[in-house]
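What follows is the residue order along each chain.
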Amino acid sequence: MPQYVCENCGFVASLDKRLYICPVCGDPLTIMFDDKEMSFIPSGKGVWRYSSMLPITGKGAISLNEGGTQLHQSVRLYREIGVGSLMFKNEGLNPTASFKDRGMTVAVTKAFQEGAHGVICASTGNTAASLAAYAARAGIAGYVVVPEGAVATGKLMQARAYGAEIIHIKGNFDDALKAVSSLAMESNELYLVNSINPYRIEGQKTMAFEIYEDVGIPDWISIPVGNAGNITALWKGFKELYRIGVAKKLPRLIGVQAEGAAPIYRAFINGASSIEPVNNPSTVATAIRIGKPASWRRALKAIRESHGIMVAVSDEEIMSAYYSLSSKEGVFVEPASAASFAGLRKLSTQGLFKGNEMVVAILTGHGLKDPESAAKVPKKELTVEPTKEAIAGAILSPARVFR
Ligand code: F0G
């Protein structure tokens, strides 16, 4: 039977108990399978296509048809970074427009099976939107706790529209997660669905399975890192495929943090065995404005085991990547997702790539979530009289403002 394992101190427990973090050392727990318990028998669509690799079956799942997202082949930017092939895994195509839905379907199904009265999370926005949708679908209460004034409007409006109760705190994401976790751990009624919930990681690891089925094992995969659950999940998925002999090699991971919120990057660069938390994280990529990532240890391990690399990017680099993706590839994502490409761009200028690599960039959330960021790109707009001449003049005029 799969069981909880603490990858830090070795604590082991049965899945019968509701546990999120290790009662001995406080690290998030991992659901670990024996090799013989896993079989890769994809069947059906989306996340539940991989039920044979998950700790619960898809029977009666609280689902909105999440997963099964597309890879877009880069048509221009791959040349700029100098690789053979660059693909964008567009997680914005999920039902609530971020990768969170993959983990949420599994975690909320588990909450529902346990008879939880409500689900709760701390969030920079996307987890909140996803929780709210799946709580609505399950018919249970949804509570989201967010840093006041620091969540992109689209995400907040999603949570509101799905009917969740929204609690704004006068603090940042790290404060919210600390408070919400300790509240959930004292309560039988409230089920915590942040990525310290091991079932979230299980759902999110299906991203690796889809990439494998679509293109095999890329040479490099870049992924934005905030609380570090998603990079943990991605690596777990690939490692499981490798352990049972389905995949013959492993990808190298590129973890990207924003400069103002880069504790894992710093630890990696310094060869440190632990992170130095950032007390006032700041970045335009609000989704990853996180100073004390809960899964930092597993993220560092994933990077080191995969012979990968961490990189930090500035807000300017993020916004430039953001506009390049939308205007040169037609792929509109939120700033945290653009960090994924910004990291590749930065590493290419440092000579990381040889020219023939297959690279996948995980783009974690849709651009429409964050209209405040879209408003910052160069405007090509003009108001004219409602006539053919005026419109032709605006388009053809050599003096048009946007040329
Ligand atoms: N990209 C987006 C769009 C996100 O929303 C997040 C995390 C990440 C990347 C980073 O993923 O935390 O697993 O390393 N958003 C969380 C939230 C924190 O509350 O929505 P991570």
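Report on the accompanying structure. If you're wondering where the values come from, they're calculated on a predicted model, not measured in any experiment.

Parameters and conventions
- Residues numbered from 1 in each chain as written.
- Predicted model: local features only at pLDDT ≥ 70, side-chain atom pairs only at ≥ 80, totals over all residues.
- Heavy atoms only, no water.
- Helix = DSSP H or I, 4+ residues; strand = E, 2+ residues; numbered from the N terminus.
- Rg over C-alpha atoms; globule rule 2.2 N^0.38 Å.
- Buried < 20%, exposed > 50% of the residue type's maximum accessible area, 1.4 Å probe, protein only.
- Axes fitted to C-alpha atoms, helices over the stretch in contact; angles between N-to-C directions.
- Parallel < 35°, antiparallel > 145°, perpendicular 65-115°, else oblique.
- Left-handed = near helix turned anticlockwise from the far one by under 90°.
- Contact = heavy atoms within 4.5 Å.
- Pairing = 2+ DSSP bridges.
- Near = heavy atom within 4 Å.
- Areas by Shrake-Rupley, 256 points an atom, 1.4 Å probe, with all protein chains shown as cover.
- Nonpolar A, V, L, I, M, F, W, Y, C, P; charged D, E, K, R; others polar.
- Polar contact = N/O pair within 3.5 Å; in protein donor to acceptor, adjacent residues only side chain to side chain.
- Core = buried A, V, L, I, M, F, W, Y, C linked by side-chain atoms within 4.5 Å.
- Salt bridge = Lys/Arg side-chain N within 4 Å of Asp/Glu carboxyl O.
- Phe/Tyr/Trp six-rings, centres within 6.5 Å; stacked < 30°, edge-to-face > 60°.

### Re the overall build of the protein
Then, number 1: Within the protein one finds 14 helices and 13 strands.
Then, number 2: Expected size for 403 residues packed as a compact globule is a radius of gyration near 22 Å; at 21 Å, the protein falls within 12% of this value.
Then, number 3: Counting only C-alpha atoms and orienting by the principal axes, one finds that the protein spans roughly 70 × 50 × 45 Å.
Then, number 4: By residue count, 57% of the 403 residues in the protein fall in the buried class.

### Details of the packing of helix α7 (residues 206-215) against helix α8 (residues 229-243)
Then, number 1: Running from N to C, α7 and α8 point in directions that differ by 50°, and their axes come no closer than 7 Å. Considering the angle they form, α7 stands oblique to α8. You can see that α7 and α8 cross each other, and the crossing is right-handed. Between α7 and α8, the contacting residues are Met-207, Ala-208, Phe-209, Ile-211 and Tyr-212 on the first element and Asn-230, Leu-234, Gly-237, Phe-238, Glu-240 and Leu-241 on the second.

### Here's the deal with unusual backbone geometry
Then, number 1: Located in the positive-phi region is Asn-65, a residue other than glycine, with phi close to 65°.
Then, number 2: Mapped onto the elements of the fold, Asn-65 is located in the loop between β3 (30-32) and β4 (71-73).
Then, number 3: One non-glycine residue, Ala-97, lies in positive phi territory at about 75°.
Then, number 4: Mapped onto the elements of the fold, Ala-97 is located in the loop between β5 (85-90) and α2 (100-113).

### Examining the sheet that holds strand β1 (residues 3-5)
Then, number 1: Read from one edge to the other, the open sheet built from 3 strands follows the order β2-β1-β3, with strand pairing classed as antiparallel. Looking at the sheet topology across the chains shown, the edges are occupied by β2 (12-14) and β3. Pairwise comparison of adjacent strand axes, ignoring direction, gives a mean angle of 40° for this sheet.

### Quick word on the site of the ligand
Then, number 1: Taken together, 20 residues lie near the ligand, and Ser-123, Asn-126, Asn-227, Ala-228 and Thr-364 sit nearest.
Then, number 2: When isolated, the ligand has an accessible area of 470 Å², and the protein chains bury 99% of it.
Then, number 3: Elements that contribute at least two residues to the shell around the ligand include exactly α3 (126-138) and α8.
Then, number 4: Here the residues of the shell around the ligand are counted per class, giving 8 nonpolar, 10 polar and 2 charged.

### Digging into the environment of Thr-109
Then, number 1: Structurally, the position occupied by Thr-109 is in helix α2.
Then, number 2: Taking C-alpha positions, Thr-109 is 9.5 Å from Lys-59, a pair spaced 50 residues apart along the chain.
Then, number 3: When neighbours within four sequence positions are excluded, Thr-109 is seen to be in contact with Trp-48, Ile-56, Gly-60, Ala-61, Ile-62 and Met-104.
Then, number 4: Within the structure, Thr-109 has its side chain in polar contact with the backbone nitrogen of Ile-62 (distance 2.9 Å).

### Re the nonpolar core
Then, number 1: Among the nonpolar cores identified, the biggest contains 85 residues, and Val-119, Tyr-191, Val-193, Tyr-199, Leu-234 and Ile-264 are the most heavily contacted of them.
Then, number 2: Looking at this core, the element that brings in the most residues is α3, giving 7 residues.
Then, number 3: Ignoring sequence-local partners within four residues, the contact set of Tyr-191 consists of Arg-18, Tyr-20, Ala-107, Lys-110, Ala-111, Glu-114, Ala-116, Gly-118, Val-119, Ile-120, Asn-197 and Tyr-199.
Then, number 4: Of all hydrophobic cores here, the second largest spans 33 residues; its members include Ala-287, Phe-353, Ala-361 and Leu-363.

### Points about the sheet that holds strand β9 (residues 190-192)
Two strands in a sheet stick together by hydrogen bonds in their backbones, pointing the same way (parallel) or opposite ways (antiparallel).
Then, number 1: As summarised here, the arrangement of the 4 strands in space is β8-β7-β6-β9, forming an open sheet in which the pairing is parallel. Pairing within the sheet leaves two strands with one partner each, and these edge strands are β8 (165-169) and β9. Shown here is a sheet whose adjacent strand axes are inclined to one another by a mean of 25°, direction ignored.
Then, number 2: Pairing between strand β6 (residues 118-122) and β9: 3 bridges, direction parallel. Note on β9: the bridge partner recorded for Ile-120 is Leu-192.

### Some points on the side chain of Lys-155
Then, number 1: In this fold, Lys-155 is placed in helix α4 (residues 153-161).
Then, number 2: Take Lys-155: its relative accessible area is 0%, and that puts it in the buried class.
Then, number 3: Those residues in contact with Lys-155 that sit more than four places away from it in its chain are Thr-124, Gly-125, Asn-126, Ala-129, Thr-286, Ala-287, Glu-334 and Lys-369.

### Considerations on the side chain of Gln-257
Then, number 1: Mapped onto the elements, Gln-257 comes out in strand β11 (residues 252-258).
Then, number 2: What makes Gln-257 buried here is its relative accessible area of 0%.
Then, number 3: Within the local environment of Gln-257, its side chain forms a polar contact with the backbone oxygen of Ala-261, the two atoms lying 3.5 Å apart.
Then, number 4: A distance of 2.9 Å separates a polar atom in the side chain of Gln-257 from the backbone nitrogen of Ile-264.
Then, number 5: Once residues lying within four places of it in the same chain are set aside, the contact partners of Gln-257 are Val-225, Gly-226, Ala-262, Pro-263, Ile-264, Tyr-265, Pro-293, Met-310, Val-311, Ala-312 and Val-313.

### Focus on the pattern of salt bridges
Then, number 1: By the definition in use, this model includes 21 salt bridges.
Then, number 2: Ionic pairing is found between Lys-236 and Glu-202, a salt bridge with its closest N-O pair at 2.7 Å. With Lys-236 in helix α8 and Glu-202 in helix α6 (residues 198-204), this residue pair connects regions lying 34 residues apart in the sequence. Across the pair, exposure class does not vary: Lys-236 and Glu-202 are buried alike.
Then, number 3: One connected set of salt bridges, linked through shared partners, spans Lys-89, Glu-91, Arg-102 and Glu-210.

### Remarks on the packing of aromatic side chains
Then, number 1: Applying the stated criterion across every chain, the model contains 7 aromatic pairs.
Then, number 2: Between Trp-220 and Phe-353, the aromatic rings sit 6.3 Å apart at their centres with planes inclined by 85°, giving edge-to-face as the arrangement. A residue pair is termed long-range when its members are at least 10 positions apart, and Trp-220 in strand β10 (residues 220-224) and Phe-353 in the loop between α12 (335-349) and β13 (358-363) qualify at 133 residues. One exposure class covers both Trp-220 and Phe-353, and it is buried.

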